[in-house]
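Residues per chain, in single letters:
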Amino acid sequence: MSKRIYLSSPTMHGEELEFIHEAFDTNWVAPLGPNVTAFEQEFAAYLQGNVHAAALSAGSGAIHLAMILSGVGRDDIVIGSDLTFAATVNPITYVGAKPVFVDSETQTWNMDPEALKKALDKYPQAKAVICANLYGTPAKLDELSAICKERGIPFIEDAAESLGATLHGKQTGLFGEIGIFSFNGNKIITTSGGGMLVAADEAVTKKATFLATQAREPARHYEHKEIGFNYRMSNVVAGIGRGQLLHLAEHIDAKRRIYMHYKEAFSDIPAITMNPYAPDSEPNFWLSCITIDPACDVKPLDIMEAFDKENIESRPIWKPMHLQPVYAANDFIQAKSGESVSERIFNTGLCLPSDIKNTPEDMEQIIGIVRSFFS
Ligand SMILES: *Cc1c(COP(=O)(O)O)cnc(C)c1O
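Residues numbered from 1 in each chain as written. Predicted model: local features only at pLDDT ≥ 70, side-chain atom pairs only at ≥ 80, totals over all residues. Heavy atoms only, no water.

*Asks:* Hey, could you run me through the side chain of Ser354 in this one?
*Replies:* Looking at the secondary structure, you find Ser354 in the loop between β15 (349-351) and α12 (360-372). Of the polar contacts made by the side chain of Ser354, one reaches the backbone nitrogen of Ser288; its length is 2.9 Å. One polar contact links the side chain of Ser354 to the main-chain carbonyl oxygen of Leu352, over a distance of 2.7 Å. (Helix = DSSP H or I, 4+ residues; strand = E, 2+ residues; numbered from the N terminus. Polar contact = N/O pair within 3.5 Å; in protein donor to acceptor, adjacent residues only side chain to side chain.)

*Asks:* So what exactly am I meant to see when it comes to the pairing of strand β2 (residues 77-81) here?
*Replies:* Residues in a regular strand project their side chains so that they alternate between the two faces of the sheet. A large share of β2 lies buried, amounting to five of its five residues. Relative to strand β3 (residues 98-102), β2 runs parallel, the two sharing five bridges. Bridge pairing links Ile79 to Val100 in β3. With three bridges joining them, β2 and strand β4 (residues 128-132) adopt parallel strand pairing. Opposite Val78, over in β4, you have Ala128 as the bridge partner. (Buried < 20%, exposed > 50% of the residue type's maximum accessible area, 1.4 Å probe, protein only. Pairing = 2+ DSSP bridges.)

*Asks:* What am I meant to see in the state of the cysteines here?
*Replies:* As used in these notes, a disulfide is a covalent bond between sulfur atoms, one from each of two cysteines. Per the stated rule, a full pass over the model turns up zero disulfides. Unpaired in terms of disulfides, Cys351 finds its nearest cysteine sulfur in Cys289, a separation of 3.8 Å. (Disulfide = S-S within 2.5 Å.)

*Asks:* Teacher, can you tell me more about the sheet that holds strand β11 (residues 281-282) here?
*Replies:* Adjacent strands of a sheet form backbone hydrogen bonds with each other and so pair up, either parallel or antiparallel. As summarised here, the arrangement of the three strands in space is β7-β6-β11, forming an open sheet in which the pairing is antiparallel. Each end of this open sheet is capped by a strand with a single partner; those strands are β7 (170-171) and β11.

*Asks:* Before we go on, may I ask you to explain the domain arrangement of the chain in this structure?
*Replies:* Interface size is often expressed as the accessible area that is lost when the parts come together. Split by domain assignment, the chain resolves into domain 1 (15-245) and domain 2 (248-372). Distance from the C-alpha centre of domain 1 to the C-alpha centre of domain 2: 25 Å. Listed as interface residues are 48 residues of domain 1 and, on the opposing side, 39 residues of domain 2. For domain 1, the biggest contributors to the area lost against domain 2 are Trp109, Tyr135 and Ile188; these three give 23% of the whole. Lys122 is paired through a salt bridge with Asp331; the nearest N and O atoms lie 2.7 Å apart. Run the count over domain 1 and domain 2 and you get 26 residue pairs in polar contact (both at pLDDT 80 or more). Looking at the side of domain 1 that touches domain 2, the elements with two or more residues in it are α4 (90-94), β3, α5 (113-122), β6 (166-167) and α8 (235-245). When its residues are assigned to classes, the side of domain 1 that touches domain 2 shows 22 nonpolar, 16 polar and ten charged. (Domains from an automatic or database assignment. Contact = heavy atoms within 4.5 Å. Buried area = accessible area lost by both parts, 1.4 Å probe. Salt bridge = Lys/Arg side-chain N within 4 Å of Asp/Glu carboxyl O. Nonpolar A, V, L, I, M, F, W, Y, C, P; charged D, E, K, R; others polar.)

Below, the structure is given as structure tokens:
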């Protein structure tokens, strides 16, 4: 079997182990500890947004806490992205609330501001809006957050895939009342598993930390006035995060080169379009994706199957939430009726291998396979 070519696998550098060693040497093999505090400070400093950060055990846990911190409860409505990983919207249901899904626009593949307006007209009682920045591409965050602000509804930004991406120079994760990030295994930096919740208001991150450590009141005995969770990041895991953060810029550069390489390589094939982004934005290029003109005979599955035969990992576009059996009863709002944008992207697209350790030979092989379908 030929060498496996990955979609996006962890890339470690060495400093990660040094921070882990430090944790072991000082026996801080526990939740909390100096690496956690330092990772939070270094992460907030990286974002340059005058924000505070709370390190957590997963991005999903961060979204769960974001729902609670936004006052979402039983039978409430929360508006969420349709074209995303289920982890963006599943936490809405953890608090007993109901997601309503909003279609994508074609310029960034993210939540359509026009459709969001329609959703909020239909559900003025909505308690929060959560929007993902798909594959590392910033959504129309200014417009979306302005719509929410106008109506007094908290805007939560799921920046799990977009750490380091910017919109007119401002980092993703900073556009809402709360931003969340993930350090899962295949994200642009990883701690093996972990998440971060950021907010400009320090009371919010303090409350997140409180809820993430079983909501223990400051008393000598174990006093509880609220239900808490075990969502805190461990000091060992935070050490990996500190080491990875040192190499984030380098990871983004490598991902950008991969995207540009594909874009150039397919520029003479009119049926292929790369995942788009707005001109005033700088994605982190986490995953390079293509869509194929539906009028063309080549289907994404054909290419994915050809990759499988060569031990090359690829992935379909996230299946829209409104098409998921588990959300069959939930409402879905589009800007215009007809085929949804999210469904069209799902049906015509695929994610190409975007691992920063791919060699020039790997890239040549991947590109050759794609091109072979169009010659
Ligand atoms: C990965 C991801 C999450 C969840 O993060 P975990 O750390 O895996 O819990 C949430 N939203 C999106 C869009 C993601 O890609």
